[in-house]
Amino acid sequence: MAAVGLTRTGVLPPPLADLLRASAARTALTGQPDLEALAGLRRCGMLATAVPAEYGGGGQDAFAVNKVVEELARVNPSAAIIAFQHFAVCMRMAEWGTRAQKASLLPALAAGDLLAASAWSEPGVGAAKKKINTVASPVPGRGWLLNGEKSFATSAGIADIYLILAQTSDIDDPGSRYGSSGQSFFLVPAGNPGLVPERPLDLIGMRGSATGHVSLHDCQVSDSGRLGPTGHAAVIIAGVRESGMTLGAVSVGIARALLGIAAAHADRQESVKQTMNRHWLAELSTQVSAAGALVSQAGQRSSADPGRITIQSKLFASAVAEHVGAEVARMVGSAGYLAGHEINRLIADARAVAHMGPVNDLCRELIAAPPDAGKAPDERWASAPEKGGTNA
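The shown structure was predicted, so the numbers you read here are calculated from the model rather than taken from an experiment.

Asks: Got a sec to walk through the environment of leucine 109? Specific residues and values, please.
Replies: Following the sequence through the fold, leucine 109 ends up in helix α5 (residues 99–111). Leucine 109 gets classed as buried once you look at its relative accessible area, which sits at 0%. Leucine 109 sits 52 residues away from isoleucine 161 along the chain, and the two C-alpha atoms are 9.5 Å apart.

In structure tokens:
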């Protein structure tokens, strides 16, 4: 069965592909999100992929999500990142949301009426987010008051709802490798007067992703806006890794787009040079196929340690995409040494994936850790309140 929004052959419908491809070229110049392309993404049905069928979604798994993200990245990596973040929030809501949260939000997320984004990162707190500066203070009878600043949030200013990570206690959690048991998640609508997204950052890559800062100033959120039990952010984050969704899918899509450029260039070469380039392309395509296979394995969750494979797929695929970009640039030569050439945009987009969470250095730490290191968050599954069973 084809993933939601893709054709039977597993590719984007041509009108959507053309729209997003043209948008990628425009946003590379402007550095601003493309509202026309976003509207097309919202109405194409693709945003329903990760929402359970009972709430109007496609009811599909991480394998299908990764395929959709890969196909988006082949024509517009910024759109792929926007969709990836939307899917990630949908999955967390389906897993941890209360009945009321699911009923009120998931149908709109599936329809594209709501676009979801995550805001976890902060300036100067480190990639592992063990201690963050955004604080959620309990207010008796009124819920929570959030204050802080988030950085490098994808879809800042274009999302309709944000999944915010905040510190809710000072509990020290040495067993956690990512996040802390003193942290909680909150769903904050874009219309909340205490949430202020800033203009997109002037990035080198992913220039249409609306990546920017989100400030929280006395942002009042009712307790019904909390996602999951208080203090269980580390458990939820551990579940993200276990889900099989991987940013490696973005990298594979970018790498395949780069191979397409190289193949077209090789076709125009004289016979001797064409043969040499095609031999080199065969090697590059083999590396991309290996990255794609690892991404597929992550989505299928078929290994004994799905979380480890998910992280490995991101680390490996992002490295392959950067390598392919460098080699294709060498192959194309002076023809690609122009500011407006697509290859330079794709190379910058490929590099951006390494900086997305978990950043590649943290991926290496998580992969290298002994199997029993940092089990504390995962062991708390047994003692955690039932998913969706609180603040119902």
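Now that the structure has been shown, we can carry on.
Asks: For the nonpolar core, give the residues involved together with the corresponding values.
Replies: Within the largest apolar cluster, 91 residues are counted, with the highest numbers of intra-cluster contacts made by Leu12, Leu72, Phe87, Leu109, Phe185, Val250 and Ile254. For this core, the leading source of residues is helix α4 (residues 77–96), giving 13 residues. Setting aside its immediate chain neighbours within four residues, leucine 12 contacts Leu6, Thr7, Ala17, Leu20, Met46, Glu71, Leu72 and Val75. Counting 18 residues, the second largest nonpolar core, distinct from the first, contains Ala153, Leu195, Val214 and Leu216.

Asks: I'd like a rundown of the packing of helix α1 (residues 14–30) against helix α2 (residues 35–43), residues and numbers included.
Replies: At a minimum axis separation of 9 Å, α1 and α2 run at an interaxial angle of 150°. On the basis of the axis angle, α1 is roughly antiparallel to α2. Here the hand of the crossing between α1 and α2 comes out left-handed. Note on element contacts: α2 touches α1 through Glu36, Ala37 and Gly40, opposite Leu16, Leu19, Leu20, Ser23 and Arg26. Residue composition of the contact of α1 with α2, grouped by class: four nonpolar, two polar and two charged.

Asks: Report on the side chain of histidine 265, specifying residues and quantitative values.
Replies: Note on placement: histidine 265 falls in helix α7 (residues 248–267). Of the polar contacts made by the side chain of histidine 265, one reaches the backbone oxygen of methionine 331; its length is 3.4 Å. Those residues in contact with histidine 265 that lie beyond four places of it in its chain are Asn277, Met331 and Val332.

Asks: Tell me about the pairing of strand β2 (residues 135–139), and please be specific about residues and values.
Replies: As paired strands, β2 and strand β3 (residues 143–153) are joined by five bridges and run antiparallel to one another. Within β3, the residue paired with valine 135 across the bridge is asparagine 147. Where β2 folds back onto β3 in an antiparallel hairpin, the turn is made up of three residues, including glycine 141, whose phi is positive at roughly 80°.

Asks: Could you give an account of the packing of aromatic side chains, with specific residues and numbers?
Replies: Throughout the structure, instances matching the rule amount to two aromatic pairs. Judged by centre distance (5.1 Å) and plane angle (45°), the rings of tryptophan 120 and phenylalanine 185 are tilted. Of the two residues, tryptophan 120 sits in the loop between β1 (116–119) and β2 while phenylalanine 185 sits in strand β5 (residues 183–189), which places them 65 residues apart along the sequence. Assessed through its relative accessible area of 1%, phenylalanine 185 is described here as buried.

What counts and how
Residues numbered from 1 in each chain as written. Predicted model: local features only at pLDDT ≥ 70, side-chain atom pairs only at ≥ 80, totals over all residues. Heavy atoms only, no water. Helix = DSSP H or I, 4+ residues; strand = E, 2+ residues; numbered from the N terminus. Buried < 20%, exposed > 50% of the residue type's maximum accessible area, 1.4 Å probe, protein only. Core = buried A, V, L, I, M, F, W, Y, C linked by side-chain atoms within 4.5 Å. Contact = heavy atoms within 4.5 Å. Axes fitted to C-alpha atoms, helices over the stretch in contact; angles between N-to-C directions. Parallel < 35°, antiparallel > 145°, perpendicular 65-115°, else oblique. Left-handed = near helix turned anticlockwise from the far one by under 90°. Nonpolar A, V, L, I, M, F, W, Y, C, P; charged D, E, K, R; others polar. Polar contact = N/O pair within 3.5 Å; in protein donor to acceptor, adjacent residues only side chain to side chain. Pairing = 2+ DSSP bridges. Phe/Tyr/Trp six-rings, centres within 6.5 Å; stacked < 30°, edge-to-face > 60°.

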